[in-house]
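# Close look at the chain arrangement
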Amino acid sequence: MLTPLIAARRSHRRYNLATKTYDNRARGYLPRTPPAVAVCVPIFHSGYARCLVFDLDAKSRASAAQVAADYARLTAWISAAGGRYISDTSTTSAGRHIYVPLPAGVAIRRGDIETLMRLLARLLPSLDISPMLNPSTGAIAPPGSTSKQGGIRMLDGTLGDAVEAFTTRSDRGFLARLTTSLGITGMPPATKGPTAPRPGSDTNMLDTRWWAGSGDNTRLRSEFRWSTHLPTTITNYAQTGTRPANRRWPTHSEARQSVLAHCAVRGWSLAEVRAQLPQRGGDWTGLSAAYNRYQRNTDSQLRADWSKACYWASRITEEVRASAHKFPQHTGGWAPRTTTTRHARWLAASTAWVDQQWPNAARRWTVLAVLQALSYASATTGTLVNDTPVAEIGVRSLSIMAGLLSETTVAAILRQLRDTPGAPILRVRRAAGRLADRYALTTPVNAQGKPYVVDETATRRIQVAPIHAAWNVLGLRGRRVFELVAFSGLERIEDIRAATHMSRSACYDTTLSLIVTGLLTRERGRLRRGTVSLDEIAHAHGLPDRQKTRIARHRIERHQWWTWLQARFDQQWTPDPTPAELPRSLAPPWEDADWAQWCDAVAHAGPPDEHLHHYAAATHVLTDHLEAEQVHTPPRYRRHTPDQHRPPGPPRPQQPPNKVSRQ
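Residues numbered from 1 in each chain as written. Predicted model: local features only at pLDDT ≥ 70, side-chain atom pairs only at ≥ 80, totals over all residues. Heavy atoms only, no water.

### Some points on the overall build of the chain
A count of helical and extended segments in the chain gives 24 helices and 18 strands. Taken over 663 residues, the chain has a buried fraction of 45%. Counted over contacts in the chain with a minimum sequence separation of 6, partners at least 24 positions apart contribute 70%. Split by element, the accessible area of the chain, about 34600 Å² in all, is 51% carbon and sulfur. (Helix = DSSP H or I, 4+ residues; strand = E, 2+ residues; numbered from the N terminus. Buried < 20%, exposed > 50% of the residue type's maximum accessible area, 1.4 Å probe, protein only. Contact = heavy atoms within 4.5 Å. Areas by Shrake-Rupley, 256 points an atom, 1.4 Å probe, with all protein chains shown as cover.)

### Examining the pattern of salt bridges
The final tally for this structure, using the stated rule, is 27 salt bridges. A salt bridge links Asp355 to Arg480, with the shortest nitrogen-to-oxygen separation between them at 2.9 Å. Of the two residues, Asp355 is situated in helix H12 (residues 341-357) and Arg480 in helix H18 (residues 477-486); the sequence distance between them amounts to 125 residues. Arg480 shares its class with Asp355; the two are buried. The partner of Arg429 in a salt bridge is Glu392, and the shortest N-O contact between them spans 2.5 Å. Taken together, the residues span a long stretch of sequence, with Arg429 in strand E15 (residues 425-429) and Glu392 in strand E14 (residues 388-392) at a distance of 37 residues. With a relative accessible area of 29%, Glu392 lands in the partly exposed category. Here the salt bridges do not stand alone but share partners, grouping Asp216, Arg274, Asp299 and Arg303 into one network. (Salt bridge = Lys/Arg side-chain N within 4 Å of Asp/Glu carboxyl O.)

### Brief notes about the packing of aromatic side chains
Inspection of every chain in the model, using the stated rule, returns 7 aromatic pairs. Centroid distance Phe482 to Phe487: 6.2 Å. Interplanar angle 75 degrees. Geometry classified as edge-to-face. Look at Phe482 and you get buried, because its relative accessible area is 2%. Between the aromatic rings of Trp561 and Trp564, the centroid separation amounts to 5.2 Å while the plane-to-plane angle is 15 degrees, which identifies the pairing as stacked. Of this pair, Trp561 and Trp564 both sit in helix H22 (residues 543-571), separated by 3 residues, roughly a single helical turn. (Phe/Tyr/Trp six-rings, centres within 6.5 Å; stacked < 30°, edge-to-face > 60°.)

### Considering the environment of Thr92
Positionally, Thr92 belongs in the loop between strand E6 (86-90) and strand E7 (96-101). We classify Thr92 as partly exposed; its relative accessible area is 43%. Along the chain, Thr92 and Ile152 lie 60 residues apart, while their C-alpha atoms are 7.7 Å from each other. Leave out the neighbours within four places in its chain, and Thr92 touches Ser147, Gln149 and Gly151. A polar atom in the side chain of Thr92 sits 3.2 Å from the side chain of Ser90. (Polar contact = N/O pair within 3.5 Å; in protein donor to acceptor, adjacent residues only side chain to side chain.)

### Here's the deal with unusual backbone geometry
Peptide bonds are, in most cases, trans, and in most cases residues other than glycine have a negative phi. The phi dihedral of Ser46 is positive, around 60 degrees, even though this residue is not glycine. Inspection of the secondary structure puts Ser46 in the loop between strand E4 (39-42) and strand E5 (51-56). On the accessibility criterion, Ser46 (41% relative accessible area) is partly exposed. The backbone of Arg169 sits at a positive phi, close to 65 degrees, despite the residue not being glycine. Looking at where Arg169 falls in the secondary structure, it is placed in the loop between helix H4 (159-168) and helix H5 (174-181).

### Quick word on the environment of Pro35
Looking at where Pro35 falls in the secondary structure, it is placed in the loop between strand E3 (27-28) and E4. For Pro35 and Ser145, which are 110 residues apart along the polypeptide, the C-alpha to C-alpha distance reads 7.5 Å. Leaving out residues up to four positions away in the same chain, Pro35 has contacts with Arg14 and Thr146.

### Structural notes on the nonpolar core
Buried together is how nonpolar side chains tend to be arranged in soluble globular proteins. Counting 64 residues, the largest nonpolar core has Leu371 and Ile425 as the members making the most contacts within it. With near-sequence residues (within four places) excluded, Ile425 lies in contact with Trp346, Leu371, Leu374, Leu414, Leu417, Tyr439, Ala440, Leu441 and Thr442. Grouped together as the second largest cluster of nonpolar side chains are 45 residues, Phe44, Phe54, Ala81 and Ala162 included. (Core = buried A, V, L, I, M, F, W, Y, C linked by side-chain atoms within 4.5 Å.)

### Concerning the side chain of Arg274
Structurally, Arg274 can be placed in helix H8 (residues 270-275). Given a relative accessible area of 7%, Arg274 falls into the buried group. Leaving out residues up to four positions away in the same chain, Arg274 has contacts with Asp216, Arg280, Asp299, Leu302 and Arg303.

### Comments concerning the sheet that holds E5
Reading across from one edge, E8-E5-E7-E6-E10 is the order of the 5 strands in this open sheet, with antiparallel pairing throughout. In this open sheet, the two edge strands, each paired with only one partner strand, are strand E8 (127-128) and strand E10 (153-156). As paired strands, E6 and E10 are joined by 4 bridges and run antiparallel to one another. Note on E10: the bridge partner recorded for Ser87 is Asp156. (Pairing = 2+ DSSP bridges.)

### Focus on the pairing of E6
Summarising burial for E6: 4 of the 5 residues are buried, a large majority. Here E6 runs beside E7; their pairing, made up of 4 bridges, is antiparallel. Its bridge partner being in E7, Ser87 is matched across the sheet by Ile98. Between the antiparallel neighbours E6 and E7 lie 5 residues, among them Ala94 with a positive phi of about 65 degrees.

### Quick look at the pairing of strand E17 (residues 520-523)
In the sheet, E17 pairs with strand E18 (residues 526-529) via 4 bridges, with the strands oriented antiparallel. Residue Glu523 lies in a different strand from E18, and its bridge partner there is Arg526. Hairpin remark: E17 followed by E18, antiparallel, with 2 residues in the connecting loop; positive phi at Arg524, about 55 degrees.

### With respect to the confidence of the model for the chain
Low-pLDDT portions of the prediction should not be read for the details of their coordinates. Across the chain, the average pLDDT comes to 77, with 76% of residues at or above 70. Per-element averaging of pLDDT across the chain places helix H11 (residues 317-324) at the bottom with 48 and E7 at the top with 93. This stretch, residues 571-590, has a pLDDT under 50; its non-local contacts, to residues over four places away or in other chains, come to 8 contacts. Confidence drops under pLDDT 50 across residues 632-663; counting only partners more than four residues distant or on other chains, this segment forms 5 contacts. (pLDDT = per-residue confidence, 0-100.)

Below, the structure written as structure tokens:
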């Protein structure tokens, strides 16, 4: 189950017992069961990797004790930077592998991580960096596989936690935080950033799109800054000059550069850094002592190091920007917990159902976006009822996860799905009060009443993740084509057309638009991932600001709605310590349990119009919440309400007896 998540391509190489090496020729398709010999899977695909792999070798590089120490230090650095990881241990050599899935949509090349890997090799004696520095043949043995000595690579932790780590992936800005904590400022970012001046140049030459101020008061603009405080390790070194015991910084050069980089990405200026030095009345004696060896050139070296830090901050502005704007594609209240492959299977079956239900309709792509948002919402909460995934989410939050679709569009899609026979969702509870609609993610059925069954290939092509906001401007039709090329490895247009069930002209038009935007490239008839990222497109159109504004509006609307609920139900039928003293006409005519159910049902109606008639309000509650149907009887057949059901009124006057007409 984990091997397809780790492997960059659907191939593997087997260990040859005769030559004592891995076969040079890769084998197609991953085996369903672990082979009897050692196997390894590729890390890179077309020169890009979506997972960091760390090989701690206990055979030739270090002892088992050294591997354990390096493992503890490396995993602590990864966790502190917001990374998620899984690991395995060899039963024969005690060597360990660490796998770190990069954030969704982030792919790295060798040049992006070479500086990081070489520094980690200096800090961790047991680390073998050759797999991550070999884009052509770099490979790793996955958990559960047989080792070359005949042992087994045992997964550390549970399988569910490992799948969760690869589903939720690392936080955005993980690489930037990791390199900053290690004092690396010469490493290029994983995503393309803005043009920046060369190290050692004047800060006045910084791009004004990213930097504000002039001279020593130049600082990163507020929208690009990290909002967290300086880490304790950074402040301790700046004040005392003592490097941590885990040897994070080999020399004081990396240590002081890390301090300046942390200050730069948090919006500090060079003048504010100088103000912390003892010469200006500050308490950063450790940072000042790190420059003592330069004697008279202390200030010039500080300025040169600050220029490096600003240059590095400019290069990673895209990652800094995404992290500062909270651009992970779920709203602030959702925290990923646990998920399984059942959500991917459900989404694959739902996709097949939508392709057959609306083969040529434009709404197909919108419906798929809403269904994928539902699967992600269910996966993050991990709620199961009778082994069926359940999603309890409001329209507002679902619109954020569906790529900034409008709330009215999401509500219309859900309404249409509820009314369609064989749909993959079933509303098991209506929204009431603060509770949102609850949907059961059921298996869709076709026109003959048979459930959809999907194979592993269709399931692997599914991404249980929120829709990127960039597709709001690019069009949802291109999302499926891009994901098949970027994440599933499809290269030929005919294969993409067969997987998406698009017409030939629509598939060619969509592919051409993606090539024009730079998301895809075409080389010798084969499609590759382009140099432009979805984050760049989103930031160019101001989508993070739009998302932030919408989330703020949603919070205001929720606050107003909850305030109205509290005010309405606190003022009416408030419990009294002595209810027996209340007049009979003011006491509630039902029990407490019935009253609570009635309040929940009425709460969903929303704040009523102050001029709304009581009859209209009661009709609204009956039809919208209790699913009653109003029958309009023609006047000539309308029957009067019996007297016993009429409200009390004045007595009727007696009618005179009927007179018999004369013949």
